[in-house]
Protein chains: 2
Amino acid sequence: MDERDIRLLKAIADLGTGSPERLHEETDIPVSTIHYRLNNLKEAGVIENDLYDVDLEAFGLGVTVIVEVLADYAGPYEEVGEKLLAVEGVTQAHFTMGETDFVVIARLTDSDMVERLIRDFETIDEVERTNSTYVIATMRDTHNALQSYSLETLVEELADE
Amino acid sequence: MDERDIRLLKAIADLGTGSPERLHEETDIPVSTIHYRLNNLKEAGVIENDLYDVDLEAFGLGVTVIVEVLADYAGPYEEVGEKLLAVEGVTQAHFTMGETDFVVIARLTDSDMVERLIRDFETIDEVERTNSTYVIATMRDTHNALQSYSLETLVEELADE
DNA sequence: CGTGAAAGCCCGCGATT
DNA sequence: AATCGCGGGCTTTCACG
């Protein structure tokens with residue numbers, strides 16, 4: 001992966017599309033070269049998949065909750081994690097170190113559903129305690145960390161390897 | 001938005017792609033109708049954008065941190081939020097109610113960069129205190145809350161409107 | 001909402017450096 | 001091994017039933 005790949009990925013992050021033509025306009029790299037590069041990146045697993053960003057508000061999923069979960073488990077943490085993931089509405093689950101064991105983020109319709117979510121969590125054997133925080137407004141929610149990085153920083157990081 | 005749209009969006013969430021042909025295989029809805037529907041959904045803002053999922057590990061962005069930010073501000077919260085978003089590596093920022101004011105999630109390269117992140121936060125005038133939690137493993141991180149919902153639930157939600 | 005044909009884009013091939 | 005032009009083929013669009 002060289003500077004040209006970075007420029008490509010940055011363009012993808014900024015434009016929010018993988019369209020070769022759009023990328024060509026943005027980067028001035030010839031269309032067929034973009035193909036060549038993109039294929040390599042896919043092969044290497046750098047680009048996982050193409051997907052759609054669905055607006056959850058449209059489904060009435062307007063409520064976001066962040067739940068800290070304290071668990072007591074003997075086996076591997078993955079087992080507990082799987083049970084958390086199975087609860088309806090969970091969009092993120094992070095296994096963490098520190099005061100709490102898991103940080104879970106869920107998207108729900110209303111406070112009734114929040115109640116059900118918490119109840120579902122508490123029902124899990126290994127779960128000891130939960131601590132919920134309501135989200136009033138989400139200012140950013142993107143997988144594209146690249147968007148927040150400057151091209152220079154990314155190239156620099158690359159050089160360190 | 002009717003039941004057919006829901007089926008379409010559910011298929012998108014499940015397959016992880018917006019490819020009309022794949023969607024046709026899954027739903028048996030004619031290809032051109034899928035185009036028609038998808039266009040409407042885009043117009044309505046239900047589908048925000050099509051994008052690529054970039055593997056952040058490939059950039060050495062292997063460290064995830066969750067930071068709770070306590071702030072003291074006179075003006076609107078957006079002002080503080082903007083300052084938080086400007087810090088390099090921030091992928092999510094939620095304005096919350098409860099013990100803390102913001103929950104921020106960032107993707108970074110190493111602990112040096114975590115230090116810098118915290119320092120950047122603390123430098124912001126309105127920020128009073130921060131509390132960081134390291135993520136050991138992320139078990140799920142998807143915008144696709146739809147994946148975790150059953151088709152029945154979604155249609156039911158729709159009917160309530 | 002479905003059909004068909006025309007337009008435009010994607011992407012692999014192969015020649016070039 | 002990377003780059004780039006070309007052209008077949010598929011995807012998408014659009015006017016109509």
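Residues numbered from 1 in each chain as written. Chains lettered and ligands numbered in written order. Predicted model: local features only at pLDDT ≥ 70, side-chain atom pairs only at ≥ 80, totals over all residues. Heavy atoms only, no water.

Per an unreviewed UniProt entry, chain A is named Lrp/AsnC family transcriptional regulator, and its organism is Halomarina ordinaria.

A. Examining the protein's contact with DNA strand D more closely. Close to DNA strand D lie A:Arg4, A:Pro30, A:Ser32, A:Thr33, A:Tyr36, A:Arg37, B:Pro20, B:Glu21, B:His35 and B:Asn39, which account for all nearby residues. Protein-proximal atoms of DNA strand D, defined as those within 4 Å of the protein, fall in sugar or phosphate at a share of 68%. Within the side chain of A:Ser32, one N or O atom sits 2.9 Å away from a base nitrogen of DNA strand D. Contributions of two or more residues to the surface near DNA strand D are made by helix 3 (31-43) of chain A together with helix 2 (20-27) and helix 3 (31-43) of chain B. With four residues, helix 3 of chain A is the single largest residue contributor to the surface near DNA strand D. Of the residues belonging to the surface near DNA strand D, the class tally is three nonpolar, four polar and three charged. (Near = heavy atom within 4 Å. Polar contact = N/O pair within 3.5 Å; in protein donor to acceptor, adjacent residues only side chain to side chain. Helix = DSSP H or I, 4+ residues; strand = E, 2+ residues; numbered from the N terminus. Nonpolar A, V, L, I, M, F, W, Y, C, P; charged D, E, K, R; others polar.)

B. Structural view of the sheet that holds strand 2 (residues 63-71) of chain B. As summarised here, the arrangement of the eight strands in space is 2(A)-4(A)-3(A)-5(B)-2(B)-4(B)-3(B)-5(A), forming a closed barrel in which the pairing is antiparallel. Strand-to-strand twist across the sheet, computed as the mean angle between neighbouring axes with direction ignored, equals 35°. Note: strand 2 (residues 63-71) of chain A against strand 5 (residues 127-141) of chain A, eight bridges, orientation antiparallel. When the sheet's bridge partners are listed, A:Val65 is paired in strand 5 of chain A with A:Tyr134. Lying over the sheet, helix 4 (residues 77-85) of chain A contacts strand 2, strand 3 (90-96), strand 4 (102-108) and strand 5 of chain A together with strand 5 (127-141) of chain B, oriented at roughly 95° with respect to strand 5 of chain B. Docked against the sheet, helix 4 (residues 77-85) of chain B engages strand 5 of chain A together with strand 2, strand 3 (90-96), strand 4 (102-108) and strand 5 of chain B, running at close to 95° with respect to strand 5 of chain A. (Pairing = 2+ DSSP bridges. Axes fitted to C-alpha atoms, helices over the stretch in contact; angles between N-to-C directions. Contact = heavy atoms within 4.5 Å.)

C. Geometry of the protein's contact with DNA strand C. Lining the immediate environment of DNA strand C, one finds A:Ser19, A:Pro20, A:Glu21, A:Ser32, A:His35, A:Asn39, B:Arg4, B:Ser32, B:Thr33 and B:Arg37. Backbone atoms, meaning sugar and phosphate, form 77% of the atoms of DNA strand C found within 4 Å of the protein. At 3.2 Å, a side-chain N or O of A:His35 approaches a phosphate oxygen of DNA strand C. A distance of 3.3 Å separates a phosphate oxygen of DNA strand C from a polar side-chain atom of B:Arg4. Taken together, the elements giving at least two residues each to the surface near DNA strand C come down to helix 2 (20-27) and helix 3 of chain A together with helix 3 of chain B.

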